[in-house]
Amino acid sequence: MKFFIDNLPIIFPYDRIYPEQYAYMCDLKRTLDATGHCVLEMPSGTGKTVSLLSLIVSYQQFYPTKRKLIYCSRTVPEIEKALSELKRLMDYRIACAETEEEKRKEKNFTGLGLTSRKNLCIHPDVSKEKKGKVVDARCRDMTNSAVCEKGRANPGSVELCDFHEKLGEKEPGNLIPTGIHTLADVLQYGKENGTCPYFTVRRMMPFVDVVIYSFHYLLDPKVAEQVSKEMSKDAIVVFDEAHNIDNVCIESLSVDLTRPMLDSAGRSVTKLSEKIDEIKRTDASKLQDEYAKLVEGLQEASDARDEDAFMANPVLPDDLLKEAIPGNIRKAEHFVAFLTRFVEYLKTRMRVLHVVAETPLSFLQHLKDITYIERRPLRFCAERLQSLVRTLEISRIDEFSSLQKVAAFATLVATYEKGFLLILEPFETENATVPNPIFHFVCLDPAIAIKPVFERFSSVVITSGTISPLDMYPKMLQFTPVVQETYPMTLTRNAFLPLIITRGSDQVAISSRFEVRNDPAVVRNFGSILVEYSKIVPDGIVAFFPSYLYMESIVAAWNDMGILNEVWKHKLIFVETPDANETSIALENYRRACNNGRGAVLLSVARGKVAEGIDFDHNYGRAVIMFGVPYQYTESRILKARLEYLRDAYRIRESEFLGFDAIRNAAQCVGRVLRGKTDWGLMVFADKRFARADKRSKLPQWIQQYITETTSNLSTDMALTLSKLFMRTISQNPNENQTGISLWTLEDIEKAQAKQKEMALEAELRQQDERMEKDEEYGDGGIDDQALGEIDLDI
Amino acid sequence: MPPRQADDYADESDSDIDILEDSGNRSKKGKGKAIDRSKKDKGKGKSSEQPYAWEASYTRSWDTVQEDEAGSLTTAVADLLARNRRRRLLAPADAIRRTIIRHLIIILDLSLSMLDRDMRPTRFDLSLEYAREFIVEWFDQNPLGQIGLVGMRAGLGERLSEMSGNPQDVLKAISERHRLEPAGEPSLQNAIEMARGSMGHLPTHSSREILIIFGSLTTVDPGNILETLERCVQDRIRVSVVALAAEMKVCREFCDKTGGQFGVAMNEGHFKDLLFELIPPPAQRALSRAAGAGANKPDADLMMMGFPVRLPDTSPPALCVCHSELKSEGFLCPRCSAKVCDVPTDCDICGLMIVSSPHLARSYHHLFPVKPYQAVTTLEEGSAFAKSCHACARSFPDAPLASSTATAEGMSPIGRYRCPDCQHDFCTECDVFIHDVVHCCPGCGK
């Protein structure tokens, strides 16, 4: 259907639209008009992606200044889903177009998705590799420009990738026909035409209207440098499923070093020096050239050959890029010696048997005292290594990944003074005796990684199903949104029932608080919740625990108490483990049990794989039980450092952040069951702390609106009675027509728009009246606020 | 017996009324039913005490009714009653082909979950009671049909009674409560396979139906239940489920794919409504669609039936072929002259279907239910209006009822319902009585 928001014609690929989708689009448009950033929360399963795409594409097509859309999603399946949604939308737009010219315009609209080489490679040998890193390295060996030149000059001397070669013959910017291509389409096209899908997408990036890829391509500075450099400034950036965006930012700037990694880095350095010796003997001029280049400056050295994407430096301040590489590491052998010293220094640091936490500044000071390594050359470490590797034409760079990490670490530590911390943990766990040191270089401030994005692009949209409380994100990421909105869910019937269980049937308060979590009464009450719900809920139940550790201990206790045997009578039990393969087998069987009526319980962990990416729609999740509040492990030194930083830098209190983080994870977990308006499910929060107003108010609006006073403080048996009743009611055959209430047709939209206009008019009139009244009341001669303030001061 | 039976049903089917008129209803039930019922009631009262009060949620019966101007609840109650009754009559009345000869297997859940007391006295007792009423009513409206019983207990399917056309045989199988004591987990697959096995030989002109009364939320199956579903679809067995707890995906799928009905009982009254909705013969639509174009014959199939000779009580005793008992009364098969005890049945010797003509007539009668009466909305339609109900001769109210709730669809504000054929007016009570119990319009005799 087609309708107008203000003057913008929107083409929406369905006949009906949800009211919240309409509201969402209106707010999105406001953001784009204002060229600002926004935070939007819309319940899962209400068609967020399609409304986003539909509005932005309409916007792009309507205004002559074609703003590119960069759509970031979290996982490959989600990217694929968004692409197929976009494809559907464009098909619909083409069908809708009235004139021939418009049709052509729609057909010229191009959208592509980018993912790693591993997913896109069609080379017969390389694509068989299992590890992403190996695929990357082997691909680079066959496609980097030095090899290509050699191969072209002297065919057969080196192995080249035919698919990549074939791509080179094509005219750039016209590597694939216009239109929307899903990842599968690109692969198919590549196979048919014998061209490399990965480089097709990479090279088409500047020419397409929509790019869909994962968060890292934009946030991780090492990757962003390569991939997202050419994106124009007026592009619209969308982060979907962005509830964890701060963690992604932090991870992208944090480096962990271990002993084996350092050893491997040491070996790589030796290899480098051997290679240098060899080159010196055979082709000394090469090194000379490089030296000359480095003298000229860094800027020229890194020309825009995208195949040579090996290691880019993390975000360097702009002035640094213009500087030349300092003299003491310009010569290859000097640089290698420099690296050797640095790696050795790190190794000695690792020998310490007590925990060390220090700022980058004190680390650098210590480094200087011991090894006389200055800060400036350290900064260029990553850059210099990249240049050297390029000069030496080293193949199989994946073997150098540890060294690459060390270099990145060196650059980061020398670049940032604030917002980072170095933590050395000699032991893995509290009571381990064998040292297994890890050197964490942690980023404490998510704003650092995302800052370039906000600065560069005029409109950044952050959206998710669970992103409450909304004001936390602007605070943490340091930006000012123009629109900040959360939408309720309109439903014709209450499709889900959130229940907060605060005590067991025996009236003992239940909580996963550390002091009481292993109390037998609490464990038993948690168990009885599971048993009772497994009796009354059909098909699938998903239960979430705060951590693996707690899950293990409580499941062991349940086994001893015979609670598991009781559950077994009604449902099968599956458990999520840290092992991905094991979990996926468990999930598969869980689904089977849900389908054939046996019923199953899945025990999993908040923040785990299941909680983040797996949907439990319809019969796969009729109830989700949150056992306890999923707080982070507060004894972790990294978390402590981060909390401290947040307090000092942004005035976010520790408890506030911890509460926010726990509740957003809880919301994320319970949100797994409701994936659409025809779906239904129970949401059980089993912890007395959920009943507190400060926790409840942090839940997303659409969950909060269904938590009534009666359901916010229940004992187990009361909750069961309510659940039973709910399940009977919801199982009645739904026959009501949703149109008009939670589904709008075109007329409904127009009606709503007319009403809105009326209200706006009224409000304006009222405002005018008020203003007049005010004028009358205060008249002239009143003192304005500022003057009053000054008077106070004078006194 | 039929009218009394139905009278009883009309009394209790509505849960709202149950709450309000509890005491009155109880005594009526005792009177209306045979004595054995009241005895059983007492027995139940002893064996299973009422659930604790706090386990139940509030029955906010006062919220559903509103007082009229005079402060009386009677009009509101009458409205509720009437609306519920009318709703059932609003079903589409287009011509559909219905099955006369029905074969139904009732699968009773006898698992431990049936001991749950969320339906009083327990799910188990209640479903047994309703099953009995259902069987009686079913045979009343489908005299040519046959019912078999299967129980699901401890992971097995148990045959409680063979397929039989005699209501007494079927009722006897579930009359003894202690033999059906619930145990273990149910197995849908086993029970359905057993039911399917006993219907495999049936001729194509008869319907094959399975009704599952399901209280559990799990099923322990030896194999893949989805294969059983495929086979049911192939055999054109219609599976209907009345669930007592919540919607299970498999159950819903069974009903959707085989063309049956799925319902979840909200409360006792709704449970009964759901069951009794399955009594009228199902339309044959789904069946012919499943059979494809080849079987899509518009005209009726001919089938062989025999009308037996009835032997008087004074005839010399002889062995019957069905039970091998020495009896004097019975029926003689017109083809092979074998002696059978009861009709309708299939002759054990030659396989001929033996029916008595009243059975056939009764079935035929139920194939054409009384047309739904139209609600008369206004008095100003020109024609003369009868002063009183054509059936009970009670006079109609002159002015429309003041209550605003009466404007619901299919409701007449002045309490008049008119037969589309004979144009006689009837009051609300008679309308319901005629459609639910009499199955014959007093005005036109159809």
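About the thresholds
Every residue gets a number counted from 1 within its own chain, in the order that chain's sequence is written. All chains are assigned letters beginning with A, and all ligands numbers beginning with 1, in the order in which they are written. Totals for whole chains, interfaces and linings use all residues, but because this is a predicted model, local features are given only for residues with pLDDT of at least 70 and pairs of side-chain atoms are given and counted only at 80 or more. Excluded from the side-chain calculations are hydrogens and water; all other atoms, namely the structure's heavy atoms, are used. UniProt positions are given in the numbering used here, feature names are shortened, and annotations may be inferred rather than shown by experiment. A run of H or I in DSSP counts as a helix once it spans at least four residues, and a run of E counts as a strand once it spans at least two, with each numbered from the N terminus. Think of it in three bands: with a 1.4 Å probe and only protein chains considered, a residue is buried below 20% of the maximum accessible area for its type, exposed above 50%, and partly exposed in between. pLDDT expresses, on a scale from 0 to 100, how confident the predictor is about each individual residue. Note on contacts: a residue pair is in contact if any heavy atoms of the two residues lie within 4.5 Å. Planes of paired rings set the category: under 30 degrees apart is stacked, over 60 is edge-to-face and the rest tilted, where pairs are Phe, Tyr or Trp rings (Trp by its six-membered ring) whose centres lie within 6.5 Å. Comment: the charge-over-ring label is applied if NZ (Lys) or CZ (Arg) is within 6 Å of the ring centre and within 35 degrees of the ring normal. Throughout the structure description, domain borders are defined by an automatic or database domain assignment. Summed over both partners, the accessible area (1.4 Å probe) lost when two parts come together is defined as the buried area. The term salt bridge refers to a side-chain nitrogen of Lys or Arg lying within 4 Å of a carboxyl oxygen of Asp or Glu. Think of a polar contact as two N or O atoms within 3.5 Å of one another; within protein, one of them needs to be a possible hydrogen donor and the other a possible acceptor, and neighboring residues in sequence only count if both atoms come from side chains. Residues are grouped as follows: Ala, Val, Leu, Ile, Met, Phe, Trp, Tyr, Cys and Pro are nonpolar; Asp, Glu, Lys and Arg are charged; all remaining types, including Gly, are polar. In short, DSSP must find at least two bridges between two strands for them to pair.

If you check an unreviewed UniProt entry, chain B appears there as General transcription and DNA repair factor IIH from Heliocybe sulcata. Comment text from UniProt for chain B, heading Subcellular location (unreviewed entry), reads "Nucleus". Word for word, the UniProt comment on chain B under Sequence similarities (unreviewed entry) is "Belongs to the GTF2H2 family."

By the naming in an unreviewed UniProt entry, chain A goes by DNA 5'-3' helicase and is assigned to Heliocybe sulcata. Reading the Catalytic activity (unreviewed entry) entry of the UniProt record for chain A gives the comment "ATP + H2O = ADP + phosphate + H(+)".

The next point concerns the environment of R330 of chain A. Residues and elements named next belong to chain A. If you trace the backbone, R330 turns up in the loop between α17 (318–322) and α18 (332–350). Looking at R330, the relative accessible area reads 18%, which means it is buried. As for R330 and G266, which are separated by 64 residues in sequence, their C-alpha atoms are 20 Å apart.

With that settled, the discussion passes to the confidence of the model for chain A. Residues and elements named next belong to chain A. Across chain A, the average pLDDT comes to 84, with 92% of residues at or above 70. Predicted confidence is poor over residues 300–319, with pLDDT under 50, and the contacts of this stretch with residues over four places away or in other chains come to 52 contacts. Residue range residues 775–789 is modelled with pLDDT below 50. Its contacts to residues more than four positions away, or to other chains, number two contacts.

What follows concerns the UniProt feature "domain: VWFA" (unreviewed entry) in chain B. Here, the residues flagged by UniProt with the feature "domain: VWFA" (unreviewed entry) are residues 103–244 of chain B. Across residues 103–244 of chain B, the secondary structure splits into 34% helix and 27% strand, with the terminal C-alpha atoms separated by 24 Å.

Turning next to the packing of aromatic side chains. All names here are of chain A. A full pass over the atoms with the stated rule returns 36 aromatic pairs over all chains. Measuring from centroid to centroid gives 6.3 Å for F342 and F409, while their planes differ by 35°, and the two rings are tilted. Taken together, the positions of F342 in helix α18 and F409 in helix α22 (residues 401–415) put the pair 67 residues apart, joining distant regions of the chain. Owing to a relative accessible area of 0%, F409 belongs among the buried residues under this scheme. Grouped by ring-pair contacts, the aromatic residues F342, Y345, F363, F409, Y416, F420, F439 and F441 constitute a single cluster. Here R384 stacks its cationic end above the ring of F335, 5.3 Å away from the centre of that ring. Here R517 stacks its cationic end above the ring of Y550, 4.4 Å away from the centre of that ring.

Right, let's get into the domain arrangement of chain B. Where interface size is given, it is often the accessible area lost as the parts come together that is meant. Residue and element names in this part refer to chain B. By domain assignment, chain B separates into domain 1 (102–291), domain 2 (308–354) and domain 3 (370–446). The C-alpha centroid of domain 2 is placed 30 Å from the C-alpha centroid of domain 1. Domain 1 puts five residues into the contact, and the matching count from domain 2 is four residues. In this assembly, domain 1 packs against domain 2 so that about 400 Å² is buried in total across both faces, 48% of it on carbon and sulfur atoms. Per-residue buried area on domain 1 facing domain 2 is highest for L144, Q146 and N166; these three make up 61% of the total on that side. Inspection of the region where domain 1 meets domain 2 yields zero salt bridges. Our enumeration of links across domain 1 and domain 2 arrives at one residue pair in polar contact (both at pLDDT 80 or more). For the side of domain 1 that touches domain 2, a count of residues per class yields two nonpolar, three polar and no charged.

It is worth spelling out the interface of chain A and chain B at this point. With 25 residues of chain A at the contact, the number on the chain B side is 28 residues. Around 2,000 Å² of area is buried between chain A and chain B when both sides are counted, 46% of it from carbon and sulfur atoms. Along the contact surface separating chain A from chain B lie three salt bridges. Note that E247 of chain B is salt-bridged to R622 of chain A, the shortest N-O span being 3.9 Å. Counting only elements with at least two residues in the side of chain A that touches chain B, the list comes to α25 (520–536), α27 (563–570), α28 (580–595) and α34 (716–730) of chain A. With six residues, α34 of chain A is the largest single contributor of residues to the side of chain A that touches chain B. Here the residues of the side of chain A that touches chain B are counted per class, giving six nonpolar, ten polar and nine charged.

This part covers the pattern of salt bridges. Residues and elements named next belong to chain A. Evaluated as defined, the whole model comprises 55 salt bridges over all chains. For K271, the salt bridge goes to E399, with nearest N and O atoms at 3.6 Å. In this pair, K271 is assigned in helix α14 (residues 259–282) and E399 in the loop between α21 (381–392) and α22, connecting sequence segments 128 residues apart. Here K475 and E656 are joined by a salt bridge, their closest N and O atoms 3.8 Å apart. Taken together, the residues K475 in helix α24 (residues 472–477) and E656 in helix α31 (residues 654–670) connect sequence positions 181 residues apart. With relative accessibility at 32%, the residue K475 sits in the partly exposed group. Through salt bridges that share partners, D246, R607, R642, D661 and R664 make up one connected network.

To continue, consider the pairing of strand β6 (residues 210–214) of chain A. Along a regular strand, successive side chains alternate from one face of the sheet to the other. Residue and element names in this part refer to chain A. Where burial is concerned, most of β6 is hidden: five out of the five residues are buried. Bridge analysis of strand β4 (residues 69–73) against β6 gives five bridges, and the strand direction is parallel. The residue of β6 that forms the bridge with C72 is Y213. The sheet contact formed by strand β5 (residues 111–113) and β6 spans three bridges and is parallel.

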